[in-house]
Amino acid sequence: MTSRVPTRGLRKAVAASAVTAGLLGVFAPAASAAPVQECEPFTFSGVQVRDTGETTAVDLTYSRPVEDVTVRELTEPPVQDGSGDPVQVKGSNWYEVRMLCGYDWYGNPYTGPRRIAGKGVVGEVVLNGDFEGTLSWVIGTDKDLFPRSVHHTGSTLTIEFPKH
């Protein structure tokens, strides 16, 4: 038994789609041929929050040293990369750590914990985004503290916050 699919209006819809596609091709700007930045992928292996005595340190550890990292203070409560939905991160001040090429050679994204309990002045560390190889973490702090230092030791990025 065969079923019939109504085709009434189908030819007009197909024709309209073809015209629209043709117009878009004429009026839409050509895609830019900007070069794609090449980078060596890394795998993310973990987050640790530790007390150093004078500071509270957040260690982000990878399979290799990561060159393209930015750390910035957020002036608004954090929102999820992509969707813009609010993200709850313990703390009253937030810092974003963003890095490129956060996947392995096969394109697999980070699969570890997405929330890490805080210690000292750090309330919590939360994975905020993992899209197309860009990882972003949000660090919540109890006080209005700017990081005392941001540095690499081997394949670990450490962000230290003063306790006072």
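Residues numbered from 1 in each chain as written. Predicted model: local features only at pLDDT ≥ 70, side-chain atom pairs only at ≥ 80, totals over all residues. Heavy atoms only, no water.

1. Focus: the overall build of the protein
Here is step 1 of the chain: The helix and strand tally for the protein stands at 1 helix and 9 strands.
Here is step 2 of the chain: By the burial criterion, 35% of the 164 residues in the protein qualify as buried.
Here is step 3 of the chain: When contacts within the protein are restricted to residue pairs at least 6 apart in sequence, those whose partners lie at least 24 apart make up 62%.
Here is step 4 of the chain: For the protein, the accessible surface area stands at approximately 10,600 Å², while carbon and sulfur atoms represent 56% of it. (Helix = DSSP H or I, 4+ residues; strand = E, 2+ residues; numbered from the N terminus. Buried < 20%, exposed > 50% of the residue type's maximum accessible area, 1.4 Å probe, protein only. Contact = heavy atoms within 4.5 Å. Areas by Shrake-Rupley, 256 points an atom, 1.4 Å probe, with all protein chains shown as cover.)

2. Observations concerning the pairing of strand β9 (residues 156-162)
Here is step 1 of the chain: Here β9 lies mainly inside the structure; 7 of its 7 residues are buried.
Here is step 2 of the chain: A two-sided burial pattern is seen for β9, the buried positions comprising Thr156, Thr158, Glu160 and Pro162 on one face and Leu157, Ile159 and Phe161 on the other.
Here is step 3 of the chain: Sheet topology note: the strand β2 (residues 55-62)/β9 ladder contains 7 bridges and is antiparallel. Across the sheet, residue Thr61 finds its bridge partner in β9, namely Thr156.
Here is step 4 of the chain: Note: strand β8 (residues 149-153) against β9, 5 bridges, orientation antiparallel. Across the sheet, the residue bridging to Thr153 is Thr156, located in β9. (Pairing = 2+ DSSP bridges.)

3. What about the sheet that holds strand β1 (residues 44-51)?
Here is step 1 of the chain: Judged by pairing direction, the sheet is antiparallel, and its 4 strands sit side by side in the order β1-β2-β9-β8 without closing on themselves. Two strands in the sheet have a free side with no partner beyond their single neighbour: β1 and β8. On average, adjacent strands in this sheet sit at an angle of 15° to one another, irrespective of strand direction.
Here is step 2 of the chain: Here β1 runs beside β2; their pairing, made up of 7 bridges, is antiparallel. (Axes fitted to C-alpha atoms, helices over the stretch in contact; angles between N-to-C directions.)

4. Here's the deal with the side chain of Thr56
Here is step 1 of the chain: Position of Thr56 among the secondary structure elements: in strand β2.
Here is step 2 of the chain: At 3.3 Å, the side chain of Thr56 forms a polar contact with the backbone nitrogen of Val121.
Here is step 3 of the chain: Leave out the neighbours within four places in its chain, and Thr56 touches Val49, Arg50, Lys119, Gly120, Val121, Val122, Ile159, Glu160, Phe161 and Lys163. (Polar contact = N/O pair within 3.5 Å; in protein donor to acceptor, adjacent residues only side chain to side chain.)

5. Here's the deal with the nonpolar core
One recurring pattern in soluble globular proteins: nonpolar side chains tend to sit buried together.
Here is step 1 of the chain: If you look at the biggest cluster of nonpolar residues, it comprises 24 residues, and the most contacted ones within it are Val58, Leu60, Met99, Val125, Trp137 and Phe161.
Here is step 2 of the chain: Contributions of two or more residues to this core are made by β1, β2, β4 (93-99), β6 (122-131), β7 (134-141) and β9.
Here is step 3 of the chain: One finds Leu74, Val87, Trp94 and Val138 within the second-largest nonpolar core, a separate group that totals 6 residues. (Core = buried A, V, L, I, M, F, W, Y, C linked by side-chain atoms within 4.5 Å.)

6. A word on the sheet that holds β6
Here is step 1 of the chain: Spatial strand order, β3-β4-β7-β6-β5: 5 strands in an open sheet with antiparallel pairing. Edge positions in the sheet fall to β3 (69-74) and β5 (115-119), since each has one partner strand and no second. Pairwise comparison of adjacent strand axes, ignoring direction, gives a mean angle of 20° for this sheet.
Here is step 2 of the chain: Pairing of β5 with β6, which is carried by 4 bridges, proceeds in the antiparallel orientation. Bridge pairing in β6 places Ala117 opposite Glu124.

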